[in-house]
Amino acid sequence: MSPLLLAIGILIGAVLGLTGAGGSVLAVPLLLICLKLDPASATGLALGVVAASSGYGAIQRIRQREILWIPAALFGISGAIFAPPGRLLASHLPSEWLLGSFSVLSLVIAVRMFLQSIQHPELAKVVRADSGDSTQEPLLCRLSDTGRFDWRVRCMAGLSVGGVLTGLLSGLFGVGGGFLIVPFLNQLNGVSMRHAVATSLVIIAAIASSGFVAHISTHVVDWSQLAQLAIGGIAGMVLGSVLARWLAGARLQQVFAIVIVVMAVLVWFR
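Our subject in this report is the structure included herewith.

Cut-offs used in this document
Per chain, the residues get numbers from 1 upward, laid out in the order the sequence is written. Predicted model: local features are reported for residues with pLDDT of at least 70 only, side-chain atom pairs are reported and counted for 80 or more only, and whole-chain, interface and lining totals are derived from all residues. Side-chain figures throughout are based on the complete set of non-hydrogen atoms in the structure, without hydrogens or water. Under the scheme used here, helices are H or I runs from DSSP no shorter than 4 residues and strands are E runs no shorter than 2 residues, and both carry numbers assigned from the N terminus. To get the radius of gyration, use the C-alpha atoms; to get the globule rule, take the number of residues to the power 0.38 and multiply by 2.2 Å. What sets the accessible areas is the Shrake-Rupley method with a 1.4 Å probe; for residues, cover comes only from the shown protein chains. Under the convention used here, Asp and Glu are negative, Lys and Arg are positive, and both His and the chain ends fall outside the count. Each charge is placed at NZ for Lys, CZ for Arg, CG for Asp and CD for Glu. In this analysis the probe radius is 1.4 Å and the grid spacing 1 Å, with only protein atoms considered; a cavity is a set of points the probe fits into but cannot get out of, a pocket is an open set with protein on both sides within 12 Å along at least five of seven lines, and lining residues have an atom within 4 Å of a point. Grid points are joined across faces, edges and corners, and a volume is the space filled by probe spheres set on the points. One axis fitted to the seven residues ending at a residue, another fitted to the seven starting there: the angle between these axes is the bend at that residue. Only protein chains enter the accessibility calculation, which uses a 1.4 Å probe; a residue whose area is less than 20% of its type maximum is buried, one above 50% is exposed, and one in between is partly exposed. The contact definition used throughout considers only heavy atoms, calling two residues in contact when any of these lie within 4.5 Å. We call two N or O atoms a polar contact when they sit within 3.5 Å, provided that within protein one can donate a hydrogen and the other can accept it, with sequence-adjacent residues counted only if both atoms are side-chain atoms. Interaxial angle, 0 to 180 degrees, is taken between N-to-C directions of lines fitted to C-alpha atoms, where a helix line uses only the stretch in contact. A clockwise turn of the near helix away from the far one marks a right-handed crossing, whereas an anticlockwise turn of less than a right angle marks a left-handed crossing. The classification used treats Ala, Val, Leu, Ile, Met, Phe, Trp, Tyr, Cys and Pro as nonpolar, Asp, Glu, Lys and Arg as charged, and all other residues, Gly among them, as polar.

**Side note on the overall build of the chain**
Working step 1: Counting its secondary structure elements, the chain contains ten helices and zero strands.
Working step 2: Moving toward the C terminus, one meets the helices and strands of the chain in the order α-α-α-α-α-α-α-α-α-α.
Working step 3: Computed over its C-alpha atoms, the radius of gyration of the chain comes to 17 Å, within 12% of the 18 Å expected for a compact globule of 270 residues.
Working step 4: As presented, the chain carries roughly 11,600 Å² of accessible surface, and 69% of it is formed by carbon and sulfur atoms.
Working step 5: If you average the places of the 16 positive and of the 10 negative side-chain charges in the chain, the two averages end up 3 Å apart.

Structure, rendered in structure tokens:
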């Protein structure tokens, strides 16, 4: 067992668990910088670690009955379908372009996290590793005439389009996509932040798993390395659930945002 691999996995899992959205964006920089991997290997491996970590978190939220299954299914299936094309596209792009685009995406996510912590500090307390009540919410849809979700094209297409965009970006950059999933569910379906964050874990697990399967079909993977990172990632989620009640909040989200900026700059000049 490599202490470095376990530590990186724990850090990825903990950051993923202690954020409501956007935490998995740190996985790729950590793998690039700490393990000296090439961009294709780093983004592919990141998908595997994020899939394992979010999958564990999703199981916990399923037990607590916090998952909204209709958006999880529509968003997750469309995202899982389009993650492999994103992965294929990444394999044909120059490394410089991929790293530069990833850095820009990281900066966008960091700015959004920082602004949210200032404008809506109460939302920063809702994180993936924390558990809440199991109160069920009615599923809404701002695209329907009644405001309630129905099985018509507009409501279904809205979730599916979000899944397509998330799947492509996830496959392309090796990220989980929570930075798109959570606000999308908040705005389109009007659900609480807690339920959106819980549901995002199922969606991320599905999309990241699909992208990782596409990656291993074209690249050689060090399974021992992945296993250690995944074990660390799950341990990080467990650690996050223990620390969430004390650490989660606006200040921690601001720290994460600053760290993302620093890592984006390091990736840019790598």
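**Topic: the layout of surface pockets**
If a probe the size of a water molecule is rolled over the atoms, the empty space left behind becomes visible.
Working step 1: Considering only enclosed or pocket space, the largest pocket measures out at about 180 Å³ in volume.
Working step 2: At the level of secondary structure, the elements contributing two or more residues to the lining of the largest pocket comprise helix 3 (39–63) and helix 9 (223–247).

**Some details on helix 9**
Working step 1: Remark: the principal bend of helix 9, roughly 35°, maps to Ser-241.
Working step 2: Every buried residue belonging to helix 9 is among Gln-225, Leu-226, Gln-228, Leu-229, Ala-230, Gly-232, Gly-233, Gly-236, Met-237, Gly-240 and Ala-244, and all of these are buried.
Working step 3: Looking at the buried residues of helix 9, the elements they touch are helix 1 (3–17), helix 2 (27–35), helix 3 and helix 8 (193–216).
Working step 4: Capping the start of helix 9, Asp-222 holds a side-chain oxygen 3.2 Å from the backbone nitrogen of Ser-224, two or three residues further along.

**With respect to the packing of helix 3 against helix 9**
Working step 1: For the pair helix 3 and helix 9, interaxial distance at closest approach is 8 Å and the crossing angle is 35°. For the element pair helix 3 and helix 9, the recorded crossing hand is right-handed. The segment helix 3 lies against helix 9, with Leu-45, Gly-48, Val-49, Ala-52, Ser-53, Tyr-56 and Gly-57 engaging Gln-225, Leu-226, Leu-229, Ala-230, Gly-233, Ile-234, Met-237 and Val-238.
Working step 2: Broken down by class, the residue content of the contact of helix 3 with helix 9 amounts to ten nonpolar, five polar and no charged.

**Here we look at the side chain of Thr-43**
Working step 1: Note on placement: Thr-43 falls in helix 3.
Working step 2: Using a relative accessible area of 4% as the deciding quantity, one classes Thr-43 as buried.
Working step 3: Beyond its immediate chain neighbours, meaning those up to four positions away, Thr-43 contacts Val-28, Arg-87, Phe-173 and Gly-174.

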